[in-house]
Amino acid sequence: MNKPIHVVAAVIRNGYGQILLAQRSPNCPHLPGYWEFPGGKVEEGETPKQALVRELQEEIGITATKVTPLIQVPYSYPEKQVFLDVWEVDQYMGEIKSLEGQDLVFVELEEFEKYQLPPADIPVVSALRLPQTYLITPELADLTVEQFKLSLEKTLQSGITMVQLRSKVLSKDELVPYALQAKGICGKYNAKVLINEYVEIYQQCGLDGVHFTSSQIAAGIEPIKRERKGDLMAASCHSSDDLLLIEESDVDFVLLSPVKHTKTHPGAVPVGWDVFSNLVKQVSVPVYALGGLGHSDLYMAVGHGAQGVAAIRGLWIDDCSKGKE
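Residues numbered from 1 in each chain as written. Predicted model: local features only at pLDDT ≥ 70, side-chain atom pairs only at ≥ 80, totals over all residues. Heavy atoms only, no water.

**Q** Hey, could you run me through the pattern of salt bridges in this one?
**A** One pass over the full model with this rule turns up 15 salt bridges. Salt-bridge contacts for Lys-229 lead to Glu-113; the nearest nitrogen and oxygen are separated by 3.1 Å. Residue Lys-229 is located in the loop between α6 (214–219) and β12 (232–237), and its partner Glu-113 is located in the loop between β7 (104–107) and α2 (122–129); the two are separated by 116 residues in the primary sequence. Residue Lys-229 is classed as exposed on the basis of its relative accessible area, which comes to 70%. For Glu-113, a relative accessible area of 54% gives the class exposed. Lys-260 is the partner of Asp-297 in a salt bridge, and the nearest nitrogen-oxygen pair spans 2.9 Å. With a gap of 37 residues between them, Asp-297 in the loop between β14 (287–290) and α9 (298–303) and Lys-260 in the loop between β13 (253–256) and α8 (272–280) connect regions that are remote in the sequence. The class for Asp-297 is buried, based on a relative accessible area of 11%. Within this structure, Glu-46, Arg-54, Glu-55 and Glu-58 form a network of salt bridges that share partners. (Salt bridge = Lys/Arg side-chain N within 4 Å of Asp/Glu carboxyl O. Helix = DSSP H or I, 4+ residues; strand = E, 2+ residues; numbered from the N terminus. Buried < 20%, exposed > 50% of the residue type's maximum accessible area, 1.4 Å probe, protein only.)

**Q** I tried to follow the sheet that holds β12 on my own but got confused; where do I start?
**A** Paired through backbone hydrogen bonds, the strands of a sheet run either parallel or antiparallel to each other. Here 8 strands make up a closed barrel; going around it, the order is β8-β9-β10-β11-β12-β13-β14-β15 and the pairing parallel. Mean inter-strand twist for the sheet, computed between neighbouring axes without regard to direction, equals 25°. On top of the sheet, α8 reaches β13 and β14; it is set at about 160° to β14, its chief contact. (Pairing = 2+ DSSP bridges. Axes fitted to C-alpha atoms, helices over the stretch in contact; angles between N-to-C directions. Contact = heavy atoms within 4.5 Å.)

**Q** What's the story with the nonpolar core in this structure? I'm lost.
**A** Membership of the largest hydrophobic core comes to 54 residues, with the highest contact counts inside it found for Phe-148, Leu-152, Ile-195, Ile-201, Val-254 and Phe-276. The element that contributes the greatest number of residues to this core is helix α4 (residues 172–188), accounting for 7 residues. Among residues more than four places away in sequence, those in contact with Ile-201 are Lys-172, Leu-175, Val-176, Ala-179, Ile-195, Gly-206 and Leu-207. (Core = buried A, V, L, I, M, F, W, Y, C linked by side-chain atoms within 4.5 Å.)

**Q** Would you take a moment to explain the sheet that holds β7 for this structure?
**A** Pairing within the open sheet is antiparallel, and its 3 strands lie in the order β3-β2-β7. Two strands close off the open sheet at either side, each with one partner strand: β3 (35–36) and β7. Both strand β2 (residues 19–23) and β7 contribute to a ladder of 4 bridges, which runs antiparallel. From the neighbouring strand, Ala-22 faces β7, where its bridge partner is Leu-104.

**Q** I'm lost on the packing of aromatic side chains in this one. Help?
**A** Each aromatic ring pair is described using two quantities: the centre-to-centre distance and the angle formed by the ring planes. As enumerated under the stated definition, the model contains 9 aromatic pairs in all. On the numbers, 5.7 Å between centres and 50° between planes, the contact of Tyr-134 with Tyr-288 is tilted. Placement of the pair is Tyr-134 in strand β8 (residues 133–136) and Tyr-288 in strand β14, with a sequence separation of 154 residues. Among the residues examined, Tyr-134 registers a relative accessible area of 0% and is labelled buried. Measuring from centroid to centroid gives 5.3 Å for Phe-253 and Tyr-288, while their planes differ by 70°, and the two rings are edge-to-face. Linking Phe-253 in strand β13 with Tyr-288 in strand β14, this pair joins segments that are 35 residues apart in sequence. (Phe/Tyr/Trp six-rings, centres within 6.5 Å; stacked < 30°, edge-to-face > 60°.)

**Q** I keep staring at the environment of Trp-316 and nothing clicks. Help me out?
**A** Mapped onto the fold, Trp-316 is located in the segment after β15 (308–311). In sequence terms Trp-316 and Val-53 are 263 residues apart; their C-alpha atoms lie 39 Å from each other.

So, in structure tokens, the structure goes:
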């Protein structure tokens with residue numbers, strides 16, 4: 001098998017938050033006329049950052065001065081394999097202009113579906129739509145519905161915009177009141193709420209998605225009809241085997257854990273950042289790091305290929321001093 005072609009790509013925003021796309025030449029031998037993020041091949045002896053700076057200078061006349069890794073996407077086309085290494089350009093010098101005759105356009109993220117993108121670029125759009133933090137609720141059986149409501153609202157006020165509702169103790173019927181409260185509160189703060197495991201609660205309560213367990217993924221999951229545009233499907237992974245199964249499923253992102261030791265799973269052996277980084281390169285969807293992490297680990301997580309961090313204690317704000325029954 002041939003070695004994948006290492007390609008860098010840039011996410012560049014204008015002052016309105018719109019994102020730059022460039023159109024491939026109609027004479028291009030591979031996917032002519034498709035729209036893509038600017039970039040190109042990493043040459044021998046170059047680091048990805050060096051290649052990114054060079055490609056942007058050659059293609060659109062700017063010099064990137066500050067970049068942040070976003071996502072790495074391995075993808076197999078019928079005729080070749082690519083490893084797409086995507087970076088957000090936070091700062092640059094110069095004025096964007098077409099130096100190779102390509103059409104350029106700035107696009108709202110919500111309008112991306114109007115542009116035909118290469119398949120390898122699709123996960124990049126998913127990464128751009130997802131936040132850097134993903135809250136997992138503590139065990140709901142330990143909270144009354146009122147306590148949960150107060151703590152969730154306080155947590156969302158801190159800036160959390162995506163929540164996984166999770167309980168390993170409560171039955172489906174017992175979970176419904178929590179799901180309904182979460183739906184109402186998250187809607188108020190424009191946050192998404194996913195339910196762990198139970199597709200029926202997602203459908204019944206009008207939630208924003210389902211988070212599948214690694215056991216469900218291993219057993220095989222029938223494709224789930226998404227009730228609304230923008231609803232999300234996610235999954236938990238703990239090994240390379242789990243991640244391989246993910247590539248055959250219809251999920252938008254995954255959690256990979258544990259990165260560090262955790263109080264909730266004291267017997268689990270942490271993978272550490274180096275192994276985490278290598279595992280992330282196996283999948284083409286955004287991956288959140290989980291396990292003993294919080295806001296302070298964001299920089300480390302992103303630097304090792306993560307979309308961001310997922311956490312319970314590291315993100316949840318306990319407000320149980322109020323509303324006790």
